Amino acid sequence: MQPIAPEWGWWVALLVGVLEGVLVLGYLAWLVRPDPPAGGSPRRPMTWPPVDVIVPVRDEAEWIEGKLRNLEDLRYPADRLRVFVVDGASSDGTADLVAAHIARDPRFSLVRFPVADKTAQLNAALRRGDAPWVIVTDADARLPAEALELMIATGEADRAVGVVGAPVIPAGSHALDALHWRLGNHLRQREGRRGCASLVAGPCYAFRRDLLAAWPADVVADDMHVTFTAMAKGCRVELIDVAVTELRSPRHLAELVRHKFRRAHAYLREVFRFLPRLTTMTSAARAVFLWRAAHLTILPVLLLSTAGLSFAWLAGAMASPAGRLAVGVAAGTGVVSCWGSCRARQAAALAALGGLLAPTLVLALIAQPLWRQRASFAKVATARRSPAGEATR
């Protein structure tokens, strides 16, 4: 194969750089436009609406008792709250632990489901409830006492709000995973101030029941499906300011790569599912959907192209003694000037995160027509029990 002519190489590099600038700097510029007037904390509704909480579980003996205690501690009128714990064919005694724990609390119900499939488990619980608001939360998610009230108050304050989420803080996760969550939390909150957040996170979110009769059977990313459903029906997506803690998260690089690939594959499925419904979205929802879609599909390809062009240039430069000297001097100068710099460490962490996510997203994109995953998968980060009984890292 003939190498690309130098002049064409520069034109390709310029085009890739411009597109990356549009997708990254353009998005950031869109986010930092003046915020709408702040309305402060949402007012408590005159009457709290009924709420159904769904907790899908499978082999969660390590976590389930702590989760049930966490739900019991939430501030919300007891006569307005029902909790459905849906066990998906657990083999570690999870269902028996739930049955024993909730025996004296009429708010809690155990639903025994014959197969391990999160989407089917969610639909089974959805059919049993009738409250106007539904909360979905994972067994390893821990909610602050005020989280449920804040979510419902945010939704009740504005009928246009269809889905309410919360920032997520992973406990004991890999450094790159923690960085990814910090960035995601910040960006989604900024998106919310621009009119609509692009995603609510699976550990805990709330939605209006009339938005969704049931999840399609092939949904894996239930959180993204609910988000895009709200957008397609002209509703807004909001985030509260109180964070939810996720106790189970990837701790090792290989585990993190597998986790990000699975999530990326599931997210892309929802992007392609809702792309034809762009015209039904509000302008704010349409804008944030397109930004999200471009960041999941186009940007990773551009980043890999930049990496390839950089390696090609570097290989060409290293072909001559003068080029090797210039590259060595530039690298040494950069290391010396940035040594110990906080900004340099931050830039290196961002570069490492991009180096992880870009190929993962491209592989997930390639796998779309070739592979279908189910809403049941191996858990991450095996936990240990603390003396107090709560699962810890």
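Rules of the game
Residues numbered from 1 in each chain as written. Predicted model: local features only at pLDDT ≥ 70, side-chain atom pairs only at ≥ 80, totals over all residues. Heavy atoms only, no water. Helix = DSSP H or I, 4+ residues; strand = E, 2+ residues; numbered from the N terminus. Buried < 20%, exposed > 50% of the residue type's maximum accessible area, 1.4 Å probe, protein only. Contact = heavy atoms within 4.5 Å. Areas by Shrake-Rupley, 256 points an atom, 1.4 Å probe, with all protein chains shown as cover. Salt bridge = Lys/Arg side-chain N within 4 Å of Asp/Glu carboxyl O. Phe/Tyr/Trp six-rings, centres within 6.5 Å; stacked < 30°, edge-to-face > 60°. Pairing = 2+ DSSP bridges. Right-handed = clockwise from strand over helix to strand, strands pointing away. Axes fitted to C-alpha atoms, helices over the stretch in contact; angles between N-to-C directions. Core = buried A, V, L, I, M, F, W, Y, C linked by side-chain atoms within 4.5 Å. pLDDT = per-residue confidence, 0-100.

S.K.: Is there a simple way to think about the overall build of the chain in this case?
M.R.: When helices and strands are tallied, the chain shows 11 helices and 12 strands. Taking all 393 residues of the chain together, the buried fraction comes to 49%. Across the chain, contacts joining residues at least 24 apart in sequence account for 83% of those joining residues at least 6 apart. For the chain, the exposed area adds up to about 19200 Å²; of that, 64% sits on carbon and sulfur atoms.

S.K.: Whenever I open this one, the pattern of salt bridges confuses me. Can you help?
M.R.: When charged atoms on two side chains of opposite charge get close, those side chains can pair. One pass over the structure, following the stated rule, counts 20 salt bridges. A salt bridge links Arg82 to Asp52; its shortest N-O distance comes to 3.1 Å. In this pair, Arg82 sits in strand S2 (residues 81–88) while Asp52 sits in strand S1 (residues 51–57), placing the two residues 30 residues apart along the sequence. Note that Glu270 is salt-bridged to Arg273, the shortest N-O span being 3.0 Å. Taken together, the residues Glu270 and Arg273, both in helix H8 (residues 253–274) and 3 residues apart, mark about one turn of the helix. Salt bridges linked by common partners bring Asp52, Arg82, Asp130 and Arg209 together as one network.

S.K.: Whenever I open this one, the packing of aromatic side chains confuses me. Can you help?
M.R.: Centre-to-centre distance and the angle between the planes together describe a pair of aromatic rings. Inspection of the entire model under this criterion finds 9 aromatic pairs. Ring geometry for Tyr27 against Trp30: centres 6.4 Å apart, planes inclined by 25 degrees, an arrangement best described as stacked. Of this pair, Tyr27 and Trp30 both sit in helix H1 (residues 6–31), 3 residues apart, which is roughly one turn of the helix. Per residue, the accessibility class of Tyr27 equals that of Trp30, and both read buried. When the ring of Phe228 is compared with that of Phe274, the centres are 5.7 Å apart and the planes differ by 70 degrees; the resulting orientation is edge-to-face. With Phe228 in helix H7 (residues 222–232) and Phe274 in helix H8, this pair connects stretches of sequence that are 46 residues apart. Taken individually, Phe228 and Phe274 each receive the classification buried, so the pair is uniform in this respect. Chaining the aromatic ring pairs together yields one cluster made of Tyr27, Trp30 and Trp291.

S.K.: Whenever I open this one, the pairing of strand S3 (residues 108–113) confuses me. Can you help?
M.R.: For a regular strand, the rule is simple: side chains alternate between the two faces of the sheet. Inspection of the sheet shows S2 paired to S3 by 6 bridges, in the parallel sense. Bridge pairing in S3 links Val85 to Leu110. Since S2 and S3 lie parallel, the crossover through helix H3 (residues 94–101) that links them has a hand, and here it is right-handed.

S.K.: Would you mind going over the sheet that holds strand S9 (residues 236–239) with me for this structure?
M.R.: Within a sheet, adjacent strands bond to each other through the backbone by hydrogen bonds, running parallel or antiparallel. Spatially, S3-S2-S1-S4-S8-S6-S9 is the arrangement adopted by the 7 strands of the open sheet, whose pairing is mixed. The sheet is open, and its two borders are formed by S3 and S9, each paired with just one other strand. Looking at each pair of strands side by side, their axes are set apart by 20 degrees on average, direction ignored. Direction of pairing for S1 relative to strand S4 (residues 133–137): parallel, over a ladder of 4 bridges. Bridge pairing in S4 places Ile54 opposite Val136.

S.K.: Any chance you could explain helix H5 (residues 147–156) here in plain terms?
M.R.: Buried residues dominate H5, accounting for 8 of its 10 residues. Taken as a whole, H5 has its buried residues at Ala147, Leu148, Glu149, Met151, Ile152, Ala153, Thr154 and Gly155. The secondary structure elements touched by the buried residues of H5 are S1, S2, S4, strand S6 (161–165), strand S8 (204–208) and S9.

S.K.: In this structure, what is going on with the nonpolar core? I would like to understand it.
M.R.: Note that soluble globular proteins tend to have their nonpolar side chains buried in a common cluster. Counting residues in hydrophobic clusters, the biggest one holds 57 residues, and the most contacted among them are Val163, Phe207, Trp215, Met231 and Phe289. The dominant element in this core, judged by the number of residues it contributes, is helix H9 (residues 283–317), at 9 residues. Those residues within four positions of Phe289 in sequence are excluded, and the remaining contacts are Phe228, Met231, Val271, Phe274, Leu275, Leu278 and Met281. One finds Leu68, Val98, Phe108 and Val244 within the second-largest nonpolar core, a separate group that totals 34 residues.

S.K.: Mind showing me how you'd approach the confidence of the model for the chain here?
M.R.: Close inspection of predicted coordinates is inappropriate for parts of the model with low pLDDT. Averaged over every residue, the pLDDT of the chain is 86; residues scoring 70 or more account for 82%. Segment residues 382–389 is flagged for pLDDT under 50; beyond a separation of four residues in sequence, or across chains, it makes 18 contacts in the model.

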